[in-house]
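# Report on the structure
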Amino acid sequence: MNLFIINSSIGRKLIMSVSGLFLIVFLLVHLTINSLLLFGPEAFQAGCEFMELPIILIMVPVLAAGFVVHILYALWLSYQNMKARGDVAYASGKNSETTSWASKNMLVLGAIVLGFIGLHLAHFWAKMQLQHFIGGTPVEAKDAYELVAMQFRNPVIGVLYILWYGALWFHLTHGFWSALHTVGLNNSVWFNRLKWIGIVLATIICLGFTVITAFFLLGFDKCLHVAC
Amino acid sequence: MAKITIDVKIPQGPLAEKWSNYKAHQKLVNPANKRRLDIIVVGTGLAGASAAASLGELGFNVLNFCIQDSPRRAHSIAAQGGINAAKNYPNDGDSVYRLFYDTLKGGDYRAREANVYRLAEVSNSIIDQCVAQGVPFAREYGGLLDNRSFGGAQVSRTFYAKGQTGQQLLLGAYSALSRQIKKGSVKIYSRYEMLDVVIIEGRARGIIARNLITGKIERFFAHAVVLGTGGYGNAFFLSTNAMGSNCSAAIQAYKKGAYFANPCYAQIHPTCIPVHGEFQSKLTLMSESLRNDGRIWVPKKKEDAEAIRAGKLKPTQIAEEDRDYYLERRYPAFGNLVPRDVASRAAKERCDAGFGVGATGLAVYLDFSSSIERLGQSVVEERYGNLFQMYEKIVDENPYETPMMIYPAIHYTMGGIWVDYELQTSIPGLYAIGEANFSDHGANRLGASALMQGLADGYFVLPYTIQNYLSDQIRVPRISTDAAEFDAAEKAVQDKIEKIMAIKGKRSVDSIHKELGLVMWDFVGMGRTKETLEKALIRIKEIRKEFWSNVFVPGQSTDLNVELEKALRLADFIEIGELMAMDALNREESCGGHFREEYQTEEGEALRQDDKFSYAACWKYSGEGKEPELITEPLEYEFVQRQQRNYKS
Amino acid sequence: MEKLINIKLRVWRQKDAKSKGAFETYKLDNISTDTSFLEMLDILNEQLISERKEPIAFDHDCREGICGMCSLYINGRPHGPDDDVTTCQLHMRKFKDGETITVEPWRSRAFPVIKDLMVNRNAYDQIIQAGGYVSVNTGGVPDANAIPIGKPIADEAMDAASCIGCGACAAACKNGSAMLFVAAKVSQLALLPQGKVETAARAKAMVAKMDELGFGNCTNTGACEAECPKNISISHIARLNREFLVAKLKD
């Protein structure tokens, strides 16, 4: 074993792919917990309590590392790619067909996703899980539901979140199959299958979050769980 | 003056044992000495790349030159159909002898028996070698190699890789070459053009080459020089050759004393996309393999042909009984798979008689409808898909729906630098391989034999025979390129370049080249007569004068200058054009690709004059403005009975 | 059907590798739509020569789509606005009367401009030299039919092997990556039993050389496949990735 994950292009992309796939797994866990919101405060409270288990707390720095690695490698690879294109750009632009629009715009899509992650962390995580690490007082599990509901009832925040899921969807449609392609798990037969699996997966994730957000934004929570 | 006799150095013994005998008794160079010997190989086509790689593997120090930006681009890459070998995998009765016999007969008994036999003998090793290199030949479902048929043979002995056989074989040789470049045994000089060969004390000792990027003239020493620089078909301007294919290396060798043999033997390929306009820069070949499944025809009735030319009738509207499948009619035994020279002349005959199709009337149909019916479109697509696509991109017609139009075009030159059995030219230490030499195809080359010969020379013949020469050279130290002979050669090159740059006339290089091409096609083309050839000689002299007094080359010579490159090449095309006409005039007979209309049978077939012309015509340069001297190498047939070629029964 | 069109050309002119280049505009009238793109440039060059100017330098050779020498970036696409063709196979029937056509050289750090529209593609040769071969010497090899190879595998290897090394893949890539070129060769030889033996070493050596020469990192945009005149599939890139990673993980 050597430092190929640093000094070879395919090695660097391997890191990009593995960290990306890891983040997809995180998104799935996140979605599962959040979908409990649809079942009312008690259900969500159980989910929040689960998230406070030590095993989960140990995973937090790992997850953070996943983000950091994915972002740093993205910047590094993009810088190298920019250099590889040479000093003079094509005057007639780039009109070649590509596998998808997203494939050409992963860095931009990633930046949008990242910007919202900041917002998102400030909204929730800083008030909840972060407190466990800095010795503060976290929002109690039973109040977490109300915190989410309050944020999403704000139409500006709610709509922004849904736009964010859109960017995430594009990022994932390319990211998923591309990651598998990069680790070598693809061939001409599986090519289209993987692309479709990626689209379905991205849709499940983004649609799931959208439903949850819209659930509060449109006030369904009040109908179902409070008193309608 | 004493008549010069030619020593061909054919080994003793029965035909089948000559090559083994040669190898058993030739001199070799030991490994330690190989490192001290430099060999220049000019050209990176099938012959050049395979030779350079094989010599590098043996341990020689090789310098390899090409004019393209990469050795992978030599024009061998464009060969489509396949490569012959006597493997007899299909069990259809093939053998080394039969391949030898077909090749000799196909060449109209104008090649050397011993050379052709050796070619057939090593053909099988070529296929083995290429498969070992990872060449993806077409295979059967059982996993074994597939074969197809080619013109002039009644067996299926042609190995192929889709319609890109030349590409795959060249990339195989290029990969072997790349391996040696990495190892350091071969040094590659791409975008370099050889402009002269340097002779010291009667031996080839190096070359003068121009760096095409900087324009700098450079000198290179070697103990031996090998030319694998291809043919001279571009003398016709329009040909199937690449735009850069040229005969300059061969002409420089000729001017330094190497004999040029049989220049008049040029192959007109029957299946090319017809000429369609004045602006046209080249002709595109449609592989001969198409004749396996395509049927060639013209309308039976003149009025149908006229209606088609006027655009009033479509070929698909001509009823089956109104089509003249003239090759099947005239040559029932071989049908559409007669040799190229026969097929080309038959097409010309029909068009001259007024049955031609296409807007110009200079085209015949190559029809796949019955094959598509018999095999299904997918099988036809699998076999020829890339060729059909290529046709459609150029002509804008779908050949699955309407027959292709084809017409003969200049394709390959059988003539070339004279070489002996060892592939050595008449200058000691100077070798010629592949299409650049004249040796194995006689007056006509069979399809799929050029790839075979190029690789035979490069992989399996030259690496042996050159050692017989180099074994005497082990004590010759590397000669400095400051030697007087290098000075003189470089100065001559510089003077020539300056002379061309200084003309500053009114004509572009291409306009003069096109003029030469028309003269060649009209007067030294498919049908030649004493009158046309004499006319050609007068016209070529005028064109030479026009070139040297009225050409305009813009830019600087000390810079990348494409027009200068083209001008230098054109100067040599004019020389070869004249030699071709001279040789064709001298050869008062018809044989293979050389058809003198005065010499034909009642049925219009080529009529040889064996009593007078059973020789290779070797032209020896005698100085500028002087007629070259004709030296003859008699062709004796010890093992084969010469016959009138017959593809009818 | 043949038509005559008038066009305007914006062509990149650059004296040599060190000079700064710029676009120049030329007008050409009555160009037949049956003319190939390069023949149209021939006509323009003849016109320039008649005006005592230097013609435009561009690479070309076989003019039948197989040597891989021609390399023009036309209206935003390598080899221009037609699919599965090289520049020499592109015909003027793909352009409209009155159109302005922009012609540029390949742009990639690893393909520096030599003059006008000519670029230096030695980098591709160097990648092949790093390991794009089977290490066999001439002679002493087994009979060609000694190892049967299934037709589907042989066909897939042939598809990969049809690469002409023109450089359109790297020229089209927004990352300046040469992965399709490298993958085509690694894949061809990995598929065939003759080449399989050295696959690990070959993949490592060729990728290392590709990285060293300054090509970018592939992000699977697929522009290479779309522009490849021989339609080579990016599924070969997956095979290269697999072979490379397996080889590295075994080290």
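### Considerations on the packing of aromatic side chains
Tallying each qualifying case throughout the model produces 55 aromatic pairs over all chains. Ring geometry for B:F547 against B:W548: centres 5.1 Å apart, planes inclined by 90°, an arrangement best described as edge-to-face. Under the relative-accessibility criterion, B:F547 is labelled buried at 0%. Judged by relative accessible area, B:W548 falls into the partly exposed class, the value being 24%. An aromatic cluster is defined as three or more aromatic residues linked by ring pairs; in this entry it consists of A:F116, A:F124, A:Y145, A:F152, A:Y161, A:W164, A:Y165, A:F209, A:F215 and A:F216. B:K23 extends its terminal NZ or CZ atom over the ring of B:Y464, reaching a point 5.3 Å from the ring centre. Directly above the aromatic system of B:Y141 lies the positively charged group of C:K151, at a separation of 5.6 Å from the ring centroid.

### A word on a nonpolar patch on the surface
Side chains of A:V68, A:L72, A:L75 and A:L107 sit close together on the surface and give an oily, nonpolar patch of about 370 Å² of accessible area. When residues of the nonpolar patch are assigned to their parent elements, the largest contribution, 3 residues, is made by helix α4 (residues 54-84) of chain A.

### Some remarks on the pairing of strand β1 (residues 4-13) of chain C
Residue and element names in this part refer to chain C. Pairing geometry for β1 and strand β2 (residues 22-32), over 9 bridges, is antiparallel. Its bridge partner being in β2, I5 is matched across the sheet by I31. Direction of pairing for β1 relative to strand β5 (residues 100-105): parallel, over a ladder of 4 bridges. Across the sheet, residue K8 finds its bridge partner in β5, namely T100.

### Side note on unusual backbone geometry
Residue and element names in this part refer to chain C. A positive phi angle, near 60°, is found at R52, a position not held by glycine. If you trace the backbone, R52 turns up in the loop between α1 (37-50) and β3 (72-74). For R52, a relative accessible area of 42% translates into the label partly exposed. Even without a glycine there, the phi angle at N231 is positive, about 55°. When its relative accessible area of 46% is taken as the criterion, N231 is described as partly exposed.

### Things to note about the domain arrangement of chain C
All names here are of chain C. Per the domain assignment, the segments of chain C are domain 1 (4-115) and domain 2 (122-250). A straight line from the C-alpha centre of domain 1 to that of domain 2 covers 29 Å. In this complex, domain 1 contributes 17 residues to the contact, which on the side of domain 2 involves 18 residues. Here domain 1 and domain 2 share an interface that buries about 1,300 Å² over both sides, 55% of which is from carbon and sulfur atoms. The three residues of domain 1 that bury the most area against domain 2 are P78, D84 and F111, which together make up 34% of that side's buried surface. Counting every contact that joins domain 1 to domain 2 gives 1 salt bridge. Of the residues contributing to the side of domain 1 that touches domain 2, the split by class is 9 nonpolar, 6 polar and 2 charged.

### With respect to the pattern of salt bridges
Taken as a whole and judged by the stated rule, the model has 77 salt bridges over all chains. Between B:D572 and B:K496 there is a salt bridge whose closest N-O contact spans 3.8 Å. Placement of B:D572 in helix α18 (residues 562-586) and of B:K496 in helix α15 (residues 484-503) is noted, with a sequence separation of 76 residues between them. As a salt-bridge pair, C:R77 and C:D83 come within 2.7 Å of each other at their nearest N and O atoms. Judged by relative accessible area, C:R77 falls into the buried class, the value being 15%. One connected set of salt bridges, linked through shared partners, spans B:D108, B:R110, B:D341, B:R345, B:R587, B:E589, B:R608, B:D610, B:R642 and B:R645.

### Examining the interface of chain B and chain C
Facing the 79 residues of chain B at the interface are 75 residues of chain C. Together chain B and chain C conceal approximately 6,400 Å² of surface at their shared face, both sides included; 52% is due to carbon and sulfur atoms. The interface formed by chain B and chain C contains 9 salt bridges. The partner of C:D82 in a salt bridge is B:K393, and the shortest N-O contact between them spans 3.2 Å. There are 47 residue pairs in polar contact (both at pLDDT 80 or more) connecting chain B and chain C. In terms of residue count, helix α6 (residues 165-183) of chain B provides more of the side of chain B that touches chain C than any other element does, 9 residues in total. Looking at the side of chain B that touches chain C residue by residue, the classes come out as 30 nonpolar, 28 polar and 21 charged.

### A few points about the nonpolar core
Counting residues in hydrophobic clusters, the biggest one holds 299 residues, and the most contacted among them are B:F65, B:I83, B:F137, B:I576 and C:F215. With 14 residues, α18(B) is the single largest residue contributor to this core. Beyond its immediate sequence surroundings of up to four residues, B:F137 is in contact with B:I83, B:I127, B:C130, B:V131, B:L145, B:F159, B:Y160, B:A161, B:T165, B:L169 and C:A154. Membership of the second largest hydrophobic core comes to 26 residues, among which are C:I7, C:L38, C:L72 and C:C88.

### Description of the interface of chain C and chain A
Each side of the interface is counted separately: chain C has 49 residues, and chain A has 44 residues. Counting the surface lost from both chain C and chain A, the interface buries some 3,700 Å², and carbon and sulfur atoms represent 52% of this. Inspection of the chain C/chain A interface yields 1 salt bridge. Between A:D87 and C:R109 there is a salt bridge whose closest N-O contact spans 3.3 Å. Our enumeration of links across chain C and chain A arrives at 30 residue pairs in polar contact (both at pLDDT 80 or more). Residue composition of the side of chain C that touches chain A, grouped by class: 23 nonpolar, 15 polar and 11 charged.

### What to know about the side chain of A:S17
Residue and element names in this part refer to chain A. Within the fold, S17 resides in helix α2 (residues 9-35). A relative accessible area of 5% means that S17 is categorised as buried. Leave out the neighbours within four places in its chain, and S17 touches A179, T182 and V183.

### As for the sheet that holds β1(C)
All names here are of chain C. Taking strand neighbours across the sheet as the criterion, the 5 strands line up as β2-β1-β5-β3-β4 in an open arrangement whose pairing is mixed. On the outer flanks of this sheet lie β2 and β4 (77-78), each paired with one strand and no other. Sheet strands touched by α1: β1, β2, β3 and β5. Its angle to β2, the strand with the most contacts, is close to 105°.

About the thresholds
Residues numbered from 1 in each chain as written. Chains lettered and ligands numbered in written order. Predicted model: local features only at pLDDT ≥ 70, side-chain atom pairs only at ≥ 80, totals over all residues. Heavy atoms only, no water. Phe/Tyr/Trp six-rings, centres within 6.5 Å; stacked < 30°, edge-to-face > 60°. Buried < 20%, exposed > 50% of the residue type's maximum accessible area, 1.4 Å probe, protein only. Lys NZ or Arg CZ within 6 Å of the ring centre and 35° of its normal. Patch = residues over 30% accessible without salt bridge, like charges linked within 9 Å, V, L, I, M, F, W, Y side chains within 5 Å. Areas by Shrake-Rupley, 256 points an atom, 1.4 Å probe, with all protein chains shown as cover. Salt bridge = Lys/Arg side-chain N within 4 Å of Asp/Glu carboxyl O. Helix = DSSP H or I, 4+ residues; strand = E, 2+ residues; numbered from the N terminus. Pairing = 2+ DSSP bridges. Domains from an automatic or database assignment. Contact = heavy atoms within 4.5 Å. Buried area = accessible area lost by both parts, 1.4 Å probe. Nonpolar A, V, L, I, M, F, W, Y, C, P; charged D, E, K, R; others polar. Polar contact = N/O pair within 3.5 Å; in protein donor to acceptor, adjacent residues only side chain to side chain. Core = buried A, V, L, I, M, F, W, Y, C linked by side-chain atoms within 4.5 Å. Axes fitted to C-alpha atoms, helices over the stretch in contact; angles between N-to-C directions.

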